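This is what each chain is made of:
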Amino acid sequence: MSESKMPDWEKRFRAPRVSLPDWAEEAPDRSLFVSNATGTYELYAWDRATGEQRQATARPNGTTDGLLSSDGAWIWWFDDKDGDEFGVWRRQPFAGGEDELATPGLEPSYPAGLALSRDGRTAIVGRSTDEEGTTIHVTREGEEPFELYRHRESAGVGDLSHDGTLIAIEHTEHGDAMHSALRVLRPDGTTVAELDDSKGGTQELGLEVLGFAPVDGDTRLLIGHQRRGRWEPLVWDVASGEETDLALDLPGDVSAEWYPDGSALLIAHSFEARSELFRYDLATGGLTAIPTPPGSVSGATARPDGSVEFLWSSAAQPPAVRSTTGEVVLDPPGMTCPPSVAVEDAWVEGPGGRIHALIQRPAGAMGPLPTVFDLHGGPTWHDSDSFAAGPAAWVDHGYAVVRINYRGSTGYGRAWTDALKHRVGLIELEDVAAVRDWAITSGLADPDRLVLTGASWGGYLTLLGLGTQPDAWTLGIAVVPVADYVTAYHDEMEALKAMDRTLLGGTPEEVPERFEASSPLTYVDDVKSPVYISAGVNDPRCPIRQIDNYVKRLEKRGADHEVYRYDAGHGSLVVEERIKQVQLELDFAERHLRG
């Protein structure tokens with residue numbers, strides 16, 4: 001189909017996209033980014049000095065997990081099998097050449113973080129397997145890997161100090177996968193410092209590694225904490241134990257990263273589904289706003305010249321990598337991505353407090369409209385005023401789209417995120433029901449044409465909602481969902497097992513009643529609406545066997561359903577496949593709503 005005849009919704013998927021470029025600390029002109037320019041998301045090397053761009057990876061199902069060594073000499077990338085997320089790290093020279101196994105001596109695993117020395121020849125490699133739990137290794141060229149850390153619970157590599165003498169890890173040895181503690185080790189495995197906010201109190205508080213100061217001999221570690229009910233940064237000197245609390249007067253979650261000379265922090269502030277940037281001077285405590293358009297910044301980095309590059313979008317405007325110099329940093333040639341419509345905010349009173357919903361509707365359309373309730377994944381994630389081709393496709397076809405930051409979502413404080421424990425899924429759906437009722441009574445949504453949909457955790461909530469609220473929804477579209485929680489637990493990757501134990505308070509054998517109450521399979525015979533399910537056959541997060549169990553129950557009673565299986569993992573990185581999936585979803589909704 002020619003571009004002139006192609007519908008806008010399809011152009012939004014095909015138009016070339018680029019990620020925020022990662023740049024080499026010791027060679028700032030060398031960058032690495034992800035793009036779909038060939039129709040599949042792959043890694044690209046970019047020499048800013050010459051302008052040359054080179055595709056670094058080429059695999060049938062795409063590649064997005066990569067890292068550039070600080071000296072810019074090496075590109076590391078994770079090699080799994082058809083999206084199953086189980087594999088090994090490989091590397092290739094920045095200028096091109098043969099790929100080689102980057103960590104000989106380490107067996108394939110799920111990745112649990114990676115940090116590289118400045119020359120890229122020493123790596124701190126995190127691994128996760130069902131048999132071993134989490135292991136972290138020091139690998140050096142020409143030497144056998146050294147096991148630095150091992151524990152049954154989930155953990156991960158945080159960062160390696162600038163001079164390579166300190167290693168920060170996040171761990172959940174206390175058994176709470178939602179709230180990590182920190183440990184700093186030397187490369188020989190001896191402990192330098194520990195910080196654990198989960199101890200000594202009634203609150204469950206987490207910590208995260210944001211990065212070591214980018215200066216030789218500097219023992220300052222930038223971390224995130226939740227001590228005041230939201231995410232905020234502080235500077236922890238791991239040698240002296242001194243903590244410098246920034247206490248920023250900003251109402252939402254705050255993250256940060258270092259400026260290249262270590263004298264200031266680049267602050268990212270997220271509040272009520274929008275974000276903004278600031279520069280924080282560590283010597284004076286001064287906070288200076290960095291101008292960005294209204295919308296969402298999904299990544300930012302401070303360059304050696306003091307400029308800031310950031311990936312920005314809004315619900316209406318497609319993403320672009322911009323700079324505070326006023327330039328568009330990367331503008332890929334090819335098809336222009338069409339804009340969509342702006343998002344509206346709605347605040348709805350719910351059983352656990354005010355719920356924030358984001359609404360898009362066709363321009364000039366009045367209700368009541370056929371309405372799609374598109375539930376985000378995670379669950380520790382949130383929808384924002386950012387560009388998304390999927391919701392825009394529904395709007396183009398005449399639907400209103402409602403996205404809900406239900407309890408469990410990030411960005412609204414620690415208590416909101418942590419609220420869903422034990423009654424998992426059911427709590428989120430209470431908030432979804434409140435927003436559904438508002439959408440109908442406000443005149444936005446036609447109660448006879450309501451679509452419940454979502455991917456991953458959103459797909460799980462879709463199936464659970466169809467079974468626990470069978471009269472509320474006209475049809476459901478579940479993408480890579482959890483369908484049978486017990487089987488999913490036993491088949492999923494180890495890190496997700498740990499998360500499920502935290503959310504539900506134990507294993508299926510220890511708390512069977514909670515798994516039963518939260519499993520869509522429990523309510524499958526109550527489902528009245530037509531159901532569409534799509535699933536990746538290699539998905540380690542929402543494995544195929546538990547979906548097949550759910551589908552067999554639908555088949556047994558002759559329930560109206562369709563299933564689409566594709567050869568990839570937890571979603572597809574191939575543009576044509578993604579377009580095919582969206583078209584199938586649109587067709588399913590059109591057939592059943594028209595009928």
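See the structure shown above.
Structure report, in brief. This structure is a prediction, so every number in the text was calculated from the model and none was measured.

Moving on to unusual backbone geometry. Here the residue pair Gly367 and Pro368 is connected by a cis peptide bond, since its omega of -5° sits within 30 degrees of zero. Mapped onto the secondary structure, Pro368 falls in the loop between β30 (353–360) and β31 (369–375). In this model, Gly378 is joined to Pro379 through a cis peptide bond whose omega is 5°. By the element assignment, Pro379 lies in the loop between β31 and α2 (389–396). One non-glycine residue with positive phi stands out, namely Glu85, at about 65°. Mapping Glu85 onto the fold places it in the loop between β6 (74–80) and β7 (87–93). For Glu85, a relative accessible area of 18% gives the class buried.

This part takes up the pairing of β7. One face of the sheet, then the other: side chains in a regular strand alternate in exactly this way. With respect to burial, β7 is a largely interior element, five of its seven residues being buried. As paired elements, β6 and β7 share seven bridges and run antiparallel to each other. Note that in β7 the partner of Trp76 across the bridge is Arg91. Here two bridges tie β7 to strand β8 (residues 100–101), and the two strands are oriented antiparallel to one another. Bridging from a neighbouring strand, Arg90 pairs with Leu101 of β8.

Counted under the stated rule, the structure contains 48 salt bridges. Two residues, Arg14 and Glu576, come together in a salt bridge whose shortest N-O distance is 2.4 Å. With Arg14 in helix α1 (residues 8–14) and Glu576 in helix α10 (residues 575–594), the pair connects residues that are 562 residues apart, well separated along the chain. Owing to a relative accessible area of 24%, Arg14 belongs among the partly exposed residues under this scheme. Between Asp491 and Arg545 there is a salt bridge, and its shortest N-O distance comes to 2.8 Å. Placement of Asp491 in helix α6 (residues 485–491) and of Arg545 in helix α9 (residues 544–556) is noted, with a sequence separation of 54 residues between them. Residue classification places Arg545 among the partly exposed positions, given a relative accessible area of 46%. Linked through salt bridges whose partners overlap, the residues forming this network are Arg59, Asp79, Asp80 and Arg90.

Reading guide: rules and limits
Residues numbered from 1 in each chain as written. Predicted model: local features only at pLDDT ≥ 70, side-chain atom pairs only at ≥ 80, totals over all residues. Heavy atoms only, no water. Helix = DSSP H or I, 4+ residues; strand = E, 2+ residues; numbered from the N terminus. Buried < 20%, exposed > 50% of the residue type's maximum accessible area, 1.4 Å probe, protein only. Pairing = 2+ DSSP bridges. Salt bridge = Lys/Arg side-chain N within 4 Å of Asp/Glu carboxyl O.

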